Amino acid sequence: QVQLVESGGGLVQAGGSLRLSCTASGSILMNGMGWYRQAPGKQREMVARISTGDWTNYADSVKGRFTISRDNAKNTVYLQMNSLKPEDTAVYYCSAESAYGPDYWGQGTQVTVSS
């Protein structure tokens, strides 16, 4: 059982930046990791994912603005979010993944972007 704890959310003006962190209770060396988000009234969507070999993929809506990275020594994955837009407002969730998709979820952290 892996426990994931997100941090770094908050309120920011449009055009600003935030960095989210997700720290796992154990090693993430063997897991792909992902960031997802869910806005009110919408389905949860993938934002960014990083494989064990540091291959990354991003939702089209965040390409060029968000960067996912991982520090296996710290059991932590990051999401650097730049040029934030009001439509980025959502609860952001971290996941630890297997080949079949997310196995574990964090509790989520709120990101609010004001216009």
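To keep things clear, this report deals only with the structure shown in the data block. Worth saying up front: this structure is predicted, and the values here are computed from it rather than measured.

### A few points about the nonpolar core
Ranked by internal contacts, the top residues of the largest apolar core, which has 29 residues, are Met 33, Trp 35, Leu 79, Met 81 and Tyr 92. Going through the elements one at a time, β3 (18-24), β4 (32-38), β5 (45-50), β7 (66-71), β8 (76-81), β9 (90-98) and β11 (109-114) are the ones with two or more residues in this core.

### Considerations on the pattern of salt bridges
Using the criterion set out here, one finds five salt bridges in the structure. The shortest N-O distance in the salt bridge between Arg 37 and Glu 45 comes to 2.7 Å. On the basis of relative accessibility, which here comes to 6%, the residue Arg 37 falls in the buried class. Across the pair Arg 37 and Asp 88 runs a salt bridge, and its minimum N-O distance is 2.9 Å. Here Asp 88 lies in the loop between β8 and β9 and Arg 37 lies in strand β4, a separation of 51 residues in the sequence. Comparing Arg 37 with Asp 88, the two get one shared label, buried. In the salt-bridge network here, residues are joined through shared partners; they are Arg 37, Glu 45, Arg 65 and Asp 88.

### Points about the state of the cysteines
One pass over the structure, following the stated rule, counts one disulfide. Shown here is the disulfide that connects Cys 22 with Cys 94, its sulfur atoms set 2.1 Å apart. In this structure, the disulfide formed by Cys 22 and Cys 94 twists by about -75 degrees around the S-S bond and is classed as left-handed. In this pair, Cys 22 sits in strand β3 while Cys 94 sits in strand β9, placing the two residues 72 residues apart along the sequence. Given a relative accessible area of 1%, Cys 22 falls into the buried group.

### Concerning unusual backbone geometry
Positive phi outside glycine occurs at Asn 75, with the angle close to 55 degrees. Structurally, Asn 75 is set in the loop between β7 and β8.

### Considering the packing of aromatic side chains
All chains considered together, the criterion is met by two aromatic pairs. Plain terms: the ring middles of Tyr 36 and Trp 105 are 5.0 Å apart, the flat faces sit at 70 degrees to each other, and that makes the pair edge-to-face. With a gap of 69 residues between them, Tyr 36 in strand β4 and Trp 105 in strand β10 (residues 101-105) connect regions that are remote in the sequence. Using a relative accessible area of 11% as the deciding quantity, one classes Tyr 36 as buried. Seen in terms of ring centroids, Tyr 93 and Trp 105 are 6.5 Å apart; in terms of plane orientation they differ by 90 degrees. Their pairing is edge-to-face. Residue Tyr 93 is located in strand β9, and its partner Trp 105 is located in strand β10; the two are separated by 12 residues in the primary sequence. Aromatic rings pair up to connect Tyr 36, Tyr 93 and Trp 105 into one cluster. One residue, Arg 44, lies across the ring of Trp 105, its end atom 4.5 Å from the ring centre.

Cut-offs applied
Residues numbered from 1 in each chain as written. Predicted model: local features only at pLDDT ≥ 70, side-chain atom pairs only at ≥ 80, totals over all residues. Heavy atoms only, no water. Core = buried A, V, L, I, M, F, W, Y, C linked by side-chain atoms within 4.5 Å. Buried < 20%, exposed > 50% of the residue type's maximum accessible area, 1.4 Å probe, protein only. Helix = DSSP H or I, 4+ residues; strand = E, 2+ residues; numbered from the N terminus. Salt bridge = Lys/Arg side-chain N within 4 Å of Asp/Glu carboxyl O. Disulfide = S-S within 2.5 Å. Phe/Tyr/Trp six-rings, centres within 6.5 Å; stacked < 30°, edge-to-face > 60°. Lys NZ or Arg CZ within 6 Å of the ring centre and 35° of its normal.

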